Amino acid sequence: MIEPNRPFRWDLLRPDHLGSLLDGVPEPDLWFLDDLADCAAKVLARSGDGDLYFVGRSGDSVFDLLGGALPDPARLHLLPLSTAFVDHPLFDRLHPAEVAQLRANLAAHGLTPGLLARGSKPVVLVDVVSSGGTFGKLLDILRDWAADEGADRAAIRRRLRIVGLTRRTHTSPNTRRWQQHAGWAQDVTIRNVSVETALFGYLADRQQKLTRSFGRDLWAAEGVRSPGRDHRTRRALAEAVAIVEAGRSPAVRAQLARVLRREPAIAEPWLRDLVRRLPLLPASPG
């Protein structure tokens, strides 16, 4: 048995265990909060009542906001994974040991071919997207794994969905979507959320993250299990904690509810029920 590995990340829904980590850290400026709340609500509405897996690190703030806001955040999952150097022309193909470690890591998140084929609720992969390369490689990994295990690949395809966070642009009837350039995209349900340009650039390129990018060179590295305590990481931690707390606020929850009610999915019972249960009073951590 191979032990699964994942980068350490604090449980921000229980901030009491942070101790003095945030002492002396400046209060973060959540200049992007309104746009983040709009994005988070649309991701939720377009999930089809599925379990949300935020791939990599770019969507961490969406995860944190929804974690603070939702009455039951159990549908939210972080999937730390970078596929940047998987099947890259300048690098070797994955070695058997890397494949085994990657599969052990995915299995720890419940993402095995067998579990995917047998489940009923959608499994929704969420990430900032440009060309869709990360999604394509992750689906290739799952497809090869399913073939090795003889799992029902058609059932897996039916259950998997993608929500891509895309940079907002002027649209026209001739606008080309990223999925139109990805041949694999014909086999999976895809929904997109258009993200305001400044927020998109911040999440994708400029935001300091709590964890290192979890690429193939770190999939088995024990060092990723230890928390960072440097100044940049502590500032990132302060921002993430503030986002969770913002999600608990009546103002952000009311904004989420307003956006959700404007989404076409509000015609579906699951989303109407979620909006009814969205607490509009502050919730204490714990």
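Being a predicted model, the structure only gives us computed values, none of them experimental.

Draft legend 1. Broad picture of unusual backbone geometry. The residue aspartate 49 is not glycine, and still its phi comes out positive at about 65°. Turning to its location among the elements, aspartate 49 is positioned in the loop between α1 (33–45) and β1 (51–55).

Draft legend 2. Just the pattern of salt bridges, in detail. Tallying each qualifying case throughout the model produces 13 salt bridges. Its salt-bridge partner being arginine 46, residue glutamate 263 comes within 2.9 Å of it at the nearest N-O pair. Taken as a pair, glutamate 263 in the loop between α9 (250–262) and α10 (269–277) and arginine 46 in the loop between α1 and β1 lie far apart in primary sequence, 217 residues in all. Classification of glutamate 263 by relative accessible area gives buried; the value is 8%. The class for arginine 46 is partly exposed, based on a relative accessible area of 25%.

Draft legend 3. Highlighting the sheet that holds β1. If you walk across this open sheet you meet the 5 strands as β2-β1-β3-β4-β5, and the pairing is parallel. Each edge of the open sheet is held by one strand with a lone partner, namely β2 (76–79) and β5 (189–195). Mean inter-strand twist for the sheet, computed between neighbouring axes without regard to direction, equals 25°. The sheet contact formed by strand β4 (residues 160–167) and β5 spans 7 bridges and is parallel. Bridge assignment links threonine 166 to a residue of β5, and that residue is serine 194. Strands β3 (123–128), β4 and β5 of the sheet are contacted by helix α7 (residues 197–206), whose axis makes an angle of about 115° with β4.

Draft legend 4. Highlighting the nonpolar core. Ranked by internal contacts, the top residues of the largest apolar core, which has 45 residues, are Leu52, Phe54, Leu65, Leu66 and Leu165. The element best represented in this core is α1, accounting for 9 residues. By size, the runner-up hydrophobic cluster in this structure holds 31 residues, among which are Leu81, Leu116, Leu125 and Ile141.

Draft legend 5. Examining the packing of helix α3 (residues 96–107) against helix α5 (residues 133–149) more closely. Two elements in contact, α3 and α5, have axes whose closest approach is 12 Å; the angle formed by their N-to-C orientations is 100°. Regarding the angle of α3 to α5, the classification is roughly perpendicular. For the pair α3 and α5, the contacting residues are Leu102, Arg103, Leu106 and Ala107 in the first and Leu138, Ile141, Leu142, Asp144, Trp145 and Asp148 in the second. A breakdown of the residues in the contact of α3 with α5 according to their chemical character gives 7 nonpolar, no polar and 3 charged.

Draft legend 6. Fine view of the packing of α1 against helix α2 (residues 60–69). Relative orientation of the contacting elements α1 and α2 amounts to 80°, with a least axis distance of 9 Å. Here α2 runs roughly perpendicular to α1, going by the angle between their axes. Note on element contacts: α2 touches α1 through Ser61, Val62, Leu65 and Leu66, opposite Leu33, Leu36, Ala37, Cys39, Ala40 and Leu44. Grouping the amino acids of the contact of α1 with α2 by side-chain chemistry returns 9 nonpolar, 1 polar and no charged.

Rules of the game
- Residues numbered from 1 in each chain as written.
- Predicted model: local features only at pLDDT ≥ 70, side-chain atom pairs only at ≥ 80, totals over all residues.
- Heavy atoms only, no water.
- Helix = DSSP H or I, 4+ residues; strand = E, 2+ residues; numbered from the N terminus.
- Salt bridge = Lys/Arg side-chain N within 4 Å of Asp/Glu carboxyl O.
- Buried < 20%, exposed > 50% of the residue type's maximum accessible area, 1.4 Å probe, protein only.
- Pairing = 2+ DSSP bridges.
- Axes fitted to C-alpha atoms, helices over the stretch in contact; angles between N-to-C directions.
- Contact = heavy atoms within 4.5 Å.
- Core = buried A, V, L, I, M, F, W, Y, C linked by side-chain atoms within 4.5 Å.
- Parallel < 35°, antiparallel > 145°, perpendicular 65-115°, else oblique.
- Nonpolar A, V, L, I, M, F, W, Y, C, P; charged D, E, K, R; others polar.

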